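# Observations on chain architecture
Chain by chain, the residues:
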Amino acid sequence: MRQGIKAGVVGAAGLALVLSGCASQRGGEDPTDGGTSAAEQTFTFAASSDPASLDPAFASDGETFRVARQMFEGLVGTVPGTADPAPLLAEEWEVSDDGLEYTFSLREGVTFHDDTPFNAEAVCFNFERWNNFEGIAQSESLSYYWGKVNGGFASSENAAMDGTGKYSSCEAPDELTAVITLSSPLPELVSALSLPAFSMQSPTALQEYGADDVTGSAEAPVLPTYATEHPTGTGPFVFTSWSPGEQVVLSANPDYWGEQGQITEVVFPIISDPTARRQALEAGEIDGYDLVGPADVEALAADGFQIVDRDAFNVLYLGMNQAIPELADIRVRQAIAHAVDKEALVAATLPEGTEVATNFVPPSVLGYNDEVTTYDYDPDLARDLLAQAGVSDLTINFTYPTDVSRPYMPTPEQVFERVAADLEEVGITVESTPLPWSPDYLDRIQGGADHGLHLLGWTGDYNDTYNFVGVFFGGPSSEWGFDNPELFDALSSARVAPTVEEQTALYEDVNAQIMEFLPGVPIAHPVPSLAFRPEVRDYPASPVQDEVYNVVSIEE
Amino acid sequence: MTRLIVRRLALLVPTLFGLSILLFLWVRALPGGPAVALLGERATPESIAELNRVYGFDRPLPEQYLTYVSRMISGDFGVSIRTRRPVIEEFASRFPATLELTIFALVFAVVIGLALGYVAARHHGKVVDHASVVVSLLGVTVPVFFLAFMLKYVFAVQLGWFYTTGRQSQGLDATHYTGLYVLDGVITGEWDAAWDAFMHLVLPAIALGTIPLAIITRMTRASVIEVQGADYVRTARAKGLRSTRLRNRVVLRNAMLPVVTTIGLQVGLLLSGAVLTETVFAFPGIGSFLYESITASDYPVLQGFILVIAVIYALVNLAVDVSYGVIDPRMRAR
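Everything in this summary refers to the structure shown in the same document. Sequence positions are assigned chain by chain, starting from 1 and proceeding in written order. Chain letters and ligand numbers both follow the written order, the letters beginning at A and the numbers at 1. Local features in this predicted model are restricted to residues whose pLDDT is 70 or higher, and side-chain atom pairs enter the listing and the counts only when it is 80 or higher, whereas totals over whole chains, interfaces and linings include all residues. Computation of side-chain values: all heavy atoms of the structure, hydrogens and water removed.

## Some details on the overall build of chain B
This is how the line gets drawn: Secondary structure elements are defined from DSSP: runs of H or I of at least 4 residues count as helices, runs of E of at least 2 residues count as strands, and each element is numbered from the N terminus. It only takes one pair of heavy atoms within 4.5 Å for two residues to be counted as in contact. For accessible areas, the Shrake-Rupley method is used with a probe of radius 1.4 Å. Any residue's cover is judged against the shown protein chains and nothing else. The charged-residue count follows a simple rule in which Lys and Arg add positive charge and Asp and Glu add negative charge, with His and chain termini not counted at all. Charge coordinates come from a single atom per side chain, which is NZ of Lys, CZ of Arg, CG of Asp or CD of Glu.
When you go through chain B residue by residue, the secondary structure sums to 14 helices and zero strands. Each helix (α) and strand (β) of chain B, taken in turn from the N terminus, gives the series α-α-α-α-α-α-α-α-α-α-α-α-α-α. Principal-axis analysis of the C-alpha atoms gives chain B an extent of 85 × 55 × 40 Å. For chain B, the proportion of contacts with a sequence separation of at least 24, taken over those separated by at least 6, is 72%. Surface accessibility of chain B: about 16000 Å² in total, with carbon and sulfur atoms responsible for 69%. Across chain B, the 29 positively charged side chains and the 22 negatively charged ones have centroids separated by 17 Å.

Here it is as structure tokens:
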């Protein structure tokens, strides 16, 4: 007993010390002095555009998610540095044998920024909210991920979305247990729940600020104030202000359940021009930015800036549209695959650390198969295959995008030049069609049959194979111009396999099947780079951009 | 004078009507649509169709135009597709930034341009004159974005005197009334804030003001040279008018007329130049917003912003015409 009291006294004294330490530190901050002391704890990361919304359930873009990840947390997070799901607001979960019932055990002692307790009822409130979005709130520009992952809403004007969702119900048997019941298996659910779109939001705040009241007419939806001024989550940072076009400011959550860390303020200045971002870093106005151009990486590193790479969670590929009769011949597709010198292309045009691809999924994704058919660089074999197909003097259209830089394709023009040179080498005449990325290029590739070869790619949303190959080859499309029911079926049955293990095996088969069928040539998994000033420590680079700044520190 | 103003204002109505038709047709003639820009590279045809339905882009053109015009007349410019905020709100929140930048750029261009042009004309044919010609040539030939990057590289990145982006520094909790940050700082007595905002404005204002500076320099120089050689000036001089008085009253007043026209025309140039300058300096005004809206095919913003800018431009031109009357009484009679 005495021991206990003693420990209590010592503990209280220690706590008091820590608190007074914090207090004096805070007290030392003079907001009017232009902030040398404030600057020590402010982390400034350049964003390339405004968030689309501060309510992550109404967004699907990276800039929104970047901000949302600081303020919100979902049931599931990711293992740091990977795309694999990890406990976050749910400490653990169990999936029933039939794959229909998910029991989440929730973390204790968590409150939302408005002091609403986080509990099983809050979980159910959020699931019910997503499932009961109505009207305009169901459109893809708002609730894209719920529509995609769940496959429908409780009710919808759109027949394809009307009651077609997999989510059935949510129950809260006790404060810290939430049970989600599905109407059919969805093994990707746990991975998907790591998306900011499925963050837990405060039921009180959602109701108070009318989060679902997307007003205006169908032509002109206006987001409610919840999504512009009152985002309320459980994360380490709370919303301070958003000046559209200028910056978003967050401040440390004093009641955060986890490690708060050194950063007391996070600022996202909005700088859309890539060169302007680089100069802002060089001038010391920002601490870091991402999507650093490959050309800037070396120069910045030489000047002493830190370059941090995210693990590649993407794929760049050369698409071959089989609506073009010659490309419908597997031998021609094989010839093209053998003609492209991927190693040389990667070395010459993509950032250092980029891996050459053999699958249409990056290696860290479940279902990646390292035993798929590969097509090594072999120009002689390519010429033979073309001769066998009887098209030794093949002329082919090659469409590629201009004025765009995607994480999987920082310099499309350069990639095009390498591939075109390789093809010319084996006797294929390339007719180039450069087009501006949006909307011309995407329209041409995805909307019409009028293209032969093209460059495109994808960055994954979460660790799920369907999110790559399903997006590409889930059904007939103008991009690829083929009908392969066997492949489509294999993909849809893999998607609904009841367990992740069964699913993984099925996806490995699918990946082998794809590389046998060869609808395109996976080229590379380029590494996206971030740049920071030298004093920034422990930036938690994540392949799926699950980067929360409470672990960042700044050394002065 | 009043009649002139009323007549000119009345002319604005048909002009705007014509412009609204042109704008409406123009944005709809752009290839593709906003859907892809909004939905990303994996948008399905169904979702694109859905988005077009939601925003009304699938209706017949005349119907779309009528909706658009009737909304506009009631002051409703629609909602930005990209930011989902009302266009008019977006404009209002960004306009002060552009206004402030434009004022600084114009002051820079007018003060330096007039001085340089005048001095060059007074020393016609000498070194100063040649230098002014070189400056004005460089000013119109160096692309704005190049100049902007060079200014930033030298004075912000290397020397650290100014800022590369934004309107004010972090951690500066300034109070804002007008949205013109320098003025706000002066009004509230927050001198730190005013100075900070000014330091943010210097480089973008120079980048934006350089072309107008070059044009004003040339115009002032040519105009002053011409007036200096005019008969009435010679007569005045011969009659013994003292030289300072002569310069101020006779030469300057007469030389100003074409210069004022030039300055008026520069306002339009400044508004279009702001698109590039603001983008390069991440300056949160209407210019950078227009740029982002163009890349995203954000129709409502393009239509609304360009129309409002056109009105401003027309009003500025009216102001220029009125100022003729002030400078040259003969104009009032016409």
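Next comes the rest of the write-up.
## Description of the state of the cysteines
All names here are of chain A. As a reminder of what qualifies: Two cysteine sulfurs form a disulfide in these notes if their separation is within 2.5 Å. Partly exposed describes any residue whose relative accessible area lies between the buried limit of under 20% and the exposed limit of over 50%, with all areas from a 1.4 Å probe on protein chains only and scaled to the type maximum.
Per the counting criterion, the structure on display carries one disulfide over all chains. Paired through a disulfide, cysteine 124 and cysteine 170 show a sulfur-sulfur distance of 2.0 Å. What sets the handedness of the cysteine 124 and cysteine 170 disulfide is the S-S torsion sign, and at about -75 degrees it is left-handed. Of the two residues, cysteine 124 sits in helix H4 (residues 120–131) while cysteine 170 sits in strand S7 (residues 167–174), which places them 46 residues apart along the sequence. Summarising the burial analysis for this pair, cysteine 124 and cysteine 170 share the class buried.

## Some remarks on the side chain of arginine 277 of chain A
In this fold, arginine 277 of chain A is placed in helix H9 (residues 274–282). Excluding its chain neighbours within four sequence positions, the residues that come into contact with arginine 277 of chain A are Ala46, Ser48, Ile271, Ser272, Ile286, Tyr289 and Asp290 of chain A.

## Considering unusual backbone geometry
Of note, the phi angle at aspartate 115 of chain A is positive, near 70 degrees, even though the residue is not glycine. Along the polypeptide, aspartate 115 of chain A turns up in the loop between strand S6 (101–106) and H4. Classification of aspartate 115 of chain A as exposed rests on a relative accessible area of 57%. One non-glycine residue, alanine 282 of chain B, adopts positive backbone phi at about 45 degrees.

## Notes on empty space enclosed by the protein
All names here are of chain B. Applied cut-off: A cavity here means a set of points on a 1 Å grid, drawn over the protein atoms and nothing else, where a 1.4 Å probe fits but cannot get out; a pocket is an open set with protein on both sides within 12 Å along at least five of seven lines, and a residue lines either one if it has an atom within 4 Å of a point. Grid points are joined across faces, edges and corners, and a volume is the space filled by probe spheres set on the points. Residue type decides the class: Asp, Glu, Lys and Arg count as charged, Ala, Val, Leu, Ile, Met, Phe, Trp, Tyr, Cys and Pro as nonpolar, and the leftover types, Gly among them, as polar.
Within this structure, the stated rule accounts for five cavities of 30 Å³ or more. For the second largest cavity, the calculated volume is near 100 Å³. Elements represented by at least two residues in the lining of the second largest cavity include exactly helix H11 (243–280) and helix H12 (286–295). A total of three residues in the lining of the second largest cavity trace back to one element, the largest contributor, which is H12. The class makeup of the residues in the lining of the second largest cavity is six nonpolar, five polar and three charged.

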